[in-house]
Amino acid sequence: MTEKLNIGWIGLGNMGTPMVKNLVKAGFEVTVYNRSADKSEALSKEIGITVAYSPAELVASSDVIVTMLSDDAAVKQVYEGDNNIFSAKPGKELTMVDMSTVSPETTKYLAGLCAEKGITYLDAPVAGSVKPAEEAQLVIMVGGDEKVYGKVKPMFDVLGKMSVYLGETGKANVAKLSVNLMLGIVTQGLAEAVVFARKNGLSAEQLLPLINASSVGGGLTKMKTENIINQDFKAAFALKLLEKDIRLATENGMDTPVGQSLYTTLKAAKEKGHGDEDMISVLKYLSGE
Ligand code: NAP
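Residues numbered from 1 in each chain as written. Predicted model: local features only at pLDDT ≥ 70, side-chain atom pairs only at ≥ 80, totals over all residues. Heavy atoms only, no water.

Caption draft 1: Representation of the site of the ligand. Not every one of the 24 residues close to the ligand is listed here, only the nearest: N34, S36, K39, S129 and A236. In the environment of the ligand, an oxygen atom lies 3.2 Å from a nitrogen or oxygen atom belonging to the backbone of L12. A distance of 2.8 Å is found between a nitrogen atom of the ligand and a backbone nitrogen or oxygen belonging to A236. Protein coverage of the free-state accessible area of the ligand, which is 900 Å², stands at 88%. For the shell around the ligand, the secondary structure elements donating two or more residues are α4 (72–80) and α11 (239–251). Class assignment for the residues of the shell around the ligand results in 9 nonpolar, 11 polar and 4 charged. Built from parts of two domains, the shell around the ligand gets at least three residues from each of domain 1 (6–167) and domain 2 (175–286). (Near = heavy atom within 4 Å. Polar contact = N/O pair within 3.5 Å; in protein donor to acceptor, adjacent residues only side chain to side chain. Areas by Shrake-Rupley, 256 points an atom, 1.4 Å probe, with all protein chains shown as cover. Helix = DSSP H or I, 4+ residues; strand = E, 2+ residues; numbered from the N terminus. Nonpolar A, V, L, I, M, F, W, Y, C, P; charged D, E, K, R; others polar. Domains from an automatic or database assignment.)

Caption draft 2: Expanded view of the domain arrangement of the protein chain. Here the domain parsing of the protein chain yields domain 1 (6–167) and domain 2 (175–286). The gap between the C-alpha centroids of domain 1 and domain 2 is 28 Å. Each partner contributes to the interface: domain 1 provides 16 residues, whereas domain 2 provides 12 residues. Carbon and sulfur atoms make up 64% of the surface buried where domain 1 meets domain 2, a total of about 1,000 Å² over both sides. (Contact = heavy atoms within 4.5 Å. Buried area = accessible area lost by both parts, 1.4 Å probe.)

Caption draft 3: A look at the side chain of D245. Its location among the elements puts D245 in helix α11. Within the local environment of D245, its side chain forms a polar contact with the side chain of K244, the two groups lying 2.9 Å apart. If sequence neighbours within four positions are ignored, D245 has contacts with T101, L177, N180 and F237.

Caption draft 4: The arrangement of the pattern of salt bridges in detail. Tallying each qualifying case throughout the model produces 11 salt bridges. For K153, the salt bridge is made with D157, and the minimal N-O distance between the two is 3.1 Å. Here D157 and K153 lie together in helix α7 (residues 146–159), a separation of 4 residues that amounts to about one turn. According to the relative accessible area criterion, K153 is partly exposed, its value standing at 31%. Its salt-bridge partner being K240, residue D276 comes within 2.6 Å of it at the nearest N-O pair. Placement of the pair is D276 in the loop between α12 (257–274) and α13 (282–286) and K240 in helix α11, with a sequence separation of 36 residues. (Salt bridge = Lys/Arg side-chain N within 4 Å of Asp/Glu carboxyl O. Buried < 20%, exposed > 50% of the residue type's maximum accessible area, 1.4 Å probe, protein only.)

Shown next as structure tokens:
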């Protein structure tokens with residue numbers, strides 16, 4: 001029997017929480033740290049998991065430490081903030097795995113710092129939202145050393161329906177930003193179709209089944225149909241996180257017309273107060289709400 005990895009987990013947001021639950025269900029030893037300790041303590045009560053109160057506390061006992069955090073600044077905090085990863089000594093060969101969506105620059109910077117300390121690093125962002133996270137159906141993109149990917153793959157196998165090794169450090173971040181550029185464009189396209197239909201007397205209830213049955217319908221349009229019809233904009237994937245991803249794509253050379261228009265829309269929707277709602281609240285913004 002192969003020994004299971006000891007996992008330290010940082011970040012219990014919408015994505016991190018169901019991912020940790022799946023690892024525990026699969027028999028992995030997981031210790032969690034979250035900036036707001038109430039979330040880790042609540043999860044500990046629910047599934048009997050060990051809580052750490054700083055990133056440093058995870059270092060000695062972990063084979064792998066995963067970060068699943070909002071953005072570049074949050075991930076850097078783990079390495080540069082109080083009681084950071086580098087302030088403790090690894091007990092064994094340690095690999096850091098960042099599953100957040102961040103820029104390739106941040107990944108290369110942090111992987112470089114880790115290499116100086118003998119710690120290996122993978123960028124491993126995911127496609128799929130809360131439901132795929134709950135159902136262990138994420139698509140995991142991986143950059144870094146392929147041998148290190150082999151070490152961590154048993155964990156990825158529990159979290160997703162597939163993991164794909166893409167090449168050197170930062171490649172997976174590029175893949176993820178490409179996927180989310182398309183995600184944003186499709187989201188805005190769906191919202192625009194609903195706005196246009198309503199303006200001409202056709203309801204979302206009438207339009208969406210047609211879209212879903214046609215060749216332009218797909219996973220995303222089906223996933224958002226009920227939310228649109230029920231006017232439910234609670235965040236599965238917050239609009240401000242999609243805006244962050246399109247900003248990162250722009251900073252990495254995205255200058256194509258539809259993508260630029262999407263970025264303008266998302267910035268304006270966030271400024272209007274829709275940032276903490278789901279990304280489909282682009283519809284609310286385009287409806288003048
Ligand atoms: P979320 O629900 O907003 O959770 C964010 C997590 O980051 C929380 O644990 C939060 O801690 C922590 N955090 C934020 N700023 C921090 C800081 N400065 N220092 C330490 N911790 C900090 O986000 P999510 O939806 O789980 O997304 C996580 C990542 O996955 C993001 O990069 C997102 O783009 C990506 N992603 C999301 C989805 C989705 O559908 N939601 C899908 C694919 C990829 P607190 O609890 O203390 O606030």
